[in-house]
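Here is what each chain is made of, one letter per residue.
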Amino acid sequence: ELIQPLHDHPSVYRDYFPTGKEGFHHIGVLTDDVPRDVEMYGKLGHEVIASGGNPDQTHIAYVDTWATGHCIVELIHADDAYLKMSRMLEDAARTWDGKTMTVPRG
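Here the structure is a predicted model, which means the values were calculated and not measured.

A. Structural view of the pattern of salt bridges. Applying the stated criterion across every chain, the model contains five salt bridges. A salt bridge links Arg-36 to Asp-32; its shortest N-O distance comes to 3.2 Å. Classification of Asp-32 by relative accessible area gives exposed; the value is 60%. With a closest N to O distance of 3.6 Å, Glu-90 and Arg-94 form a salt bridge. Within this pair, Glu-90 and its partner Arg-94 are both found in helix 4 (residues 80-94), separated by four residues, close to a single helical turn. For Glu-90, a relative accessible area of 42% translates into the label partly exposed. For Arg-94, a relative accessible area of 59% gives the class exposed. Several salt bridges converge on common partners, so that one network encompasses Asp-32, Arg-36 and Asp-37.

Calculation criteria
Along each chain, the written sequence defines residue order, and numbers are assigned to residues from 1. Per-residue local features of the predicted model are confined to residues with pLDDT of at least 70, and side-chain atom pairs are confined, for both listing and counting, to 80 or more; whole-chain, interface and lining totals are unaffected and use all residues. Only heavy atoms go into the side-chain values, all of them from the structure, while hydrogens and water stay out. We define a salt bridge as a contact between a side-chain nitrogen of Lys or Arg and a carboxyl oxygen of Asp or Glu at a distance within 4 Å. Relative accessibility decides the category of a residue: with a 1.4 Å probe and only protein chains considered, values under 20% of the type maximum give buried, values over 50% give exposed, and everything between is partly exposed. Each helix is a run of H or I in the DSSP string that is no shorter than four residues. Each strand is a run of E no shorter than two, and both are numbered from the N terminus.

Structure follows, in structure tokens:
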């Protein structure tokens with residue numbers, strides 16, 4: 001997944017990376033219970049820095065694990081909608097020309 005913010009609005013993708021550092025921003029972890037995993041990370045001292053979704057959509061939470069993991073952990077509720085989107089992204093990556101900045105929806 002390549003993400004390039006093209007605006008100056010506050011964003012976990014643009015604003016939450018140590019200045020002058022390079023590397024990957026986050027790693028996604030599929031889970032069947034985002035709140036349970038958020039609680040587990042919280043007990044380890046890691047805070048949620050962004051979250052989203054609702055009961056009718058995929059629920060995600062970005063957890064600040066920079067101090068121990070050198071990236072953010074994205075907890076992703078592995079529902080059917082997410083898995084469908086993930087398959088679409090995998091298919092698009094297989095045929096990406098390495099130049100086009102957006103993937104057409106089909």
